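Remarks on the overall topology
Residues per chain, in single letters:
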Amino acid sequence: MKRDDLHLSTRAIHSERGERRTNRPIAPPIYLSSTFESADYDQQIHLEKTKADTFYTRYGNPTLSLAERSLADLEGAEAAVVFGSGMAAITTTLLAFLKQGDHAVFQREIYGGAYRFAREFLPRYGVEVSWVDVADTVGFERAFRDNTRLAYLETPTNPTLKLLDIEVVTSAAAKRGVLTFIDSTFATPFITKPLQYGIDGVVHSATKYFGGHSDLLGGVLAGSSEVVETVKDSLRVLGAILDPHAAYLLIRGIKTIGVRMEQHNRNGLEISRFLENHPRVRRVFYPHLPSHPQYELARRQMRGGGGVVSFEIEGTLDTAKRFADALTLVRIAPSLGGIESLLSIPCLTSHAMLTPEEREQADISDSLVRIALGIEAAEDLKADIDQALAAST
Ligand SMILES: *Cc1c(COP(=O)(O)O)cnc(C)c1O
C-alpha cells in the first residue's frame, strides 16, 4: 500500500514504526539512558557530527525520535521536534529565529504564556513586537516592515473560538519573506493542517490532544527540515527537552488520536447545538455552528469544530460558578484535549489578568463558561449540563 494514501488515523498508529518489518517489540522501547557509548572515538565524532539520536539525550534520543517521526507525518511535515511542554516549543522556536533589532508581528488573541513571552521577554532582548487582531485579516500585511522576521499566529483562539484566515496571512508574509508560525493546539492535524496553507512552522501543546489523557506535558514544532534543524540547534543549548518516559506516553496517546478527535468533534457539535437551544444560555461559541460569525471560513479551514465549546449563561458570574459547582461529570480544571470533560470560567482563570474593558472587547463576559469536552457519551454530558443549568438559577 502507498503510505501517502493512508488515512490520518491509520498513520497515527503506524507511522512511528517506519516501513521495515523486523523482529521488534510492537510497543516502542523507552530509552532512559542519558548517554550512549561509542565503539571507538571515530564513531563518537561521527555520532556528534551527524546529530545522531544515540549520542547524548539532550541532543536526541531514540524514543523521542519515534514521537517526532509520527508527529511530522501527521502534520505532513518533513520533520518535527518535541519539547518538555508547549511553552518550551513556543519559546525555543521564537528564540531560535529572533535577534536584537528584529521586529515580530503577533496575533493579539494567543495563549496567555505566549502573550506574556512576547510582551515581557522579547522587548528585553531588543525585539520589537506589533499586535494584530485575529479578525483583522489585512492588519498583518499592514504591520509588516522591512525588519519583520516572523508572524506568530493561533487558530482557533481561546476561549471564544475565533478563527484566523491562515492563507491571507501566509500569502502576505511570503511576499515579504516573513516567516510564519502558528499554534494549532486547538485544531490538531485532524482538523487543520496549517503547512498546507504555507505556514513555516506549526507548534502544539502536546499536553492536550496528542497526549490526550491529561497525564503528560509536552510540546512539538513541525515544519521543513531546515526550520526544525534551526530550532533543534537552539534546543540543544536551551535544554527544554521532553523526558523519554513522557515521550512514551505521548506515542501511546498519538495512536488513538483519530478516534478521540472524531468523538471530540461529535460531542462539540452536539453539545453546542444543545446549548444554543437551551433557554438558560445566552450565546454559544463553536466554529461549526451556522451562527458562528466565521462559519464559512470554519467549514473551509476546519474538518470538524473541535472539542472546545464556550457559552454565556443567562445570569452573572455567580450563576456561572453555581453551574460549575453543580456539574458531576464535567470537572473544574484548566487544560483541554483529554478524554475527560473539563470546565473553566475564563474571567476567573485564563483571562483574569485582563481589565474588565479588555475582557468586554474580547467577548469574555463574566458568565462565559468554557467546556473542553472529553470523549464521554454526548447524551450523558447533555444530561449533566442540563441538570447543572437548572441548579444554577
Ligand atoms: C496549553 C496550551 C499551551 C501551552 O502548553 P503547555 O504544554 O501547558 O506548556 C500553548 N498553546 C495553547 C493553545 C494551549 O492550549
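How each quantity is defined
Residues numbered from 1 in each chain as written. Predicted model: local features only at pLDDT ≥ 70, side-chain atom pairs only at ≥ 80, totals over all residues. Heavy atoms only, no water. Helix = DSSP H or I, 4+ residues; strand = E, 2+ residues; numbered from the N terminus. Rg over C-alpha atoms; globule rule 2.2 N^0.38 Å. Buried < 20%, exposed > 50% of the residue type's maximum accessible area, 1.4 Å probe, protein only. Contact = heavy atoms within 4.5 Å. Areas by Shrake-Rupley, 256 points an atom, 1.4 Å probe, with all protein chains shown as cover. Lys, Arg positive; Asp, Glu negative; His and termini not counted. Charge placed at Lys NZ, Arg CZ, Asp CG, Glu CD. Salt bridge = Lys/Arg side-chain N within 4 Å of Asp/Glu carboxyl O. Near = heavy atom within 4 Å. Polar contact = N/O pair within 3.5 Å; in protein donor to acceptor, adjacent residues only side chain to side chain. Nonpolar A, V, L, I, M, F, W, Y, C, P; charged D, E, K, R; others polar. Axes fitted to C-alpha atoms, helices over the stretch in contact; angles between N-to-C directions. Left-handed = near helix turned anticlockwise from the far one by under 90°. Expected span 1.5 Å × (residues − 1). pLDDT = per-residue confidence, 0-100. Parallel < 35°, antiparallel > 145°, perpendicular 65-115°, else oblique.

Our next topic: the overall build of the chain. In terms of regular secondary structure, the chain is built from 14 helices and 12 strands. In terms of overall size, the chain behaves like a compact globule, its C-alpha atoms giving a radius of gyration of 21 Å where 393 residues would be expected to give roughly 21 Å. Along the first, second and third principal axes, the C-alpha atoms of the chain reach 75 × 55 × 35 Å. Out of the 393 residues belonging to the chain, those deemed buried represent 55%. Long-range contacts, defined here as pairs at least 24 residues apart, represent 72% of the contacts in the chain between residues at least 6 apart. For the chain, the computed accessible surface area is about 17,800 Å², with 51% contributed by carbon and sulfur atoms. Side chains of the chain carry 43 positive and 50 negative charges; the gap between the two charge centres is 2 Å.

It is worth spelling out the pattern of salt bridges at this point. Within this structure, the stated rule accounts for 21 salt bridges. Ionic pairing is found between D363 and K162, a salt bridge with its closest N-O pair at 3.6 Å. Taken as a pair, D363 in the loop between helix 13 (356–361) and strand 12 (368–372) and K162 in the loop between strand 4 (148–154) and helix 7 (166–176) lie far apart in primary sequence, 201 residues in all. Through salt bridges that share partners, K162, R282, R283, E312, E314 and D363 make up one connected network.

Turning next to the site of the ligand. Lining the immediate environment of the ligand, one finds 14 residues, of which G86, D183, S205, T207 and K208 sit closest. Within the contact set of the ligand, an oxygen atom lies 2.8 Å away from a backbone nitrogen or oxygen of M87. In the environment of the ligand, an oxygen atom lies 2.7 Å from a nitrogen or oxygen atom belonging to the side chain of K208. When the ligand is considered free in solution it has 380 Å² of accessible area, and contact with the protein chains removes 91% of it. Per-element accounting of the shell around the ligand gives the leading share, 3 residues, to helix 4 (residues 86–97). Among the residues making up the shell around the ligand, the classes are represented as 5 nonpolar, 6 polar and 3 charged.

Geometrically, a packed helix pair is captured by the angle between its two axes and the distance between the axes. At a closest axis distance of 10 Å, the pairing of helix 10 (residues 257–276) and helix 14 (residues 378–391) adopts a crossing angle of 35°. Where helix 10 crosses over helix 14, the handedness of that crossing is right-handed. Where helix 10 approaches helix 14, its residues Q263, N267, E270, I271, F274 and L275 are matched on the opposing element by A378, E379, L381, K382, I385, D386 and L389.

Moving on, we get to unusual backbone geometry. For the bond running from T155 to P156, omega is -10°, close enough to zero to count as cis. Positionally, P156 belongs in the loop between strand 4 and helix 7. Here the residue pair N158 and P159 is connected by a cis peptide bond, since its omega of -5° sits within 30 degrees of zero.

So, on to helix 9 (residues 244–255). Residues that lie three or four places apart on an α-helix share one face, since the helix turns once every 3.6 residues. If you check helix 9, its first and last C-alpha atoms are 17 Å apart, about what 12 residues at 1.5 Å a residue would give, namely 16 Å. Every buried residue belonging to helix 9 is among P244, A246, A247, Y248, L250, I251, G253 and I254, and all of these are buried. Where helix 9 is buried, its residues touch helix 1 (8–14), helix 3 (62–75), strand 1 (79–83) and helix 10. Its side-chain oxygen placed 2.9 Å from the backbone nitrogen of H245, D243 serves as the N-cap of helix 9.

A low pLDDT score tells you not to read the predicted coordinates there in detail. Residues of the chain with pLDDT of at least 70 account for 99%, and the chain-wide mean is 96. Within the chain, the element-level pLDDT minimum falls on helix 13, averaging 90, and the maximum on strand 7 (residues 219–223), averaging 99.

Turning our attention to the side chain of Q294. Residue position: Q294 is located in the loop between strand 8 (281–285) and helix 11 (295–301). Side-chain polar atoms of Q294 contact the backbone oxygen of L163, separated by 2.7 Å.

This part is about the packing of helix 4 against helix 5 (residues 112–121). Packing of helix 4 against helix 5 leaves a shortest axis separation of 10 Å and a crossing angle of 30°. If you check the angle between helix 4 and helix 5, you find them roughly parallel. Like other packed secondary-structure pairs, helix 4 and helix 5 cross with a definite hand, here right-handed. Residues M87, I90, T91, L94 and L95 of helix 4 touch helix 5, and the partners they reach there are G113, A114 and F117. The residue makeup of the contact of helix 4 with helix 5, split by class, is 6 nonpolar, 2 polar and no charged.

This paragraph deals with helix 8 (residues 225–238). Taking 1.5 Å per residue as the helical rise, helix 8 with its 14 residues ought to reach 20 Å, and the 19 Å between its terminal C-alpha atoms agrees with that figure. Along helix 8, the residues classified as buried are V227, V228, V231, S234, L235 and R236. Structurally, helix 8 contributes buried residues whose contacts are with strand 1, helix 4, strand 5 (179–183) and strand 7. A positive backbone phi angle near 85° is found at G239, which sits one or two residues after helix 8.

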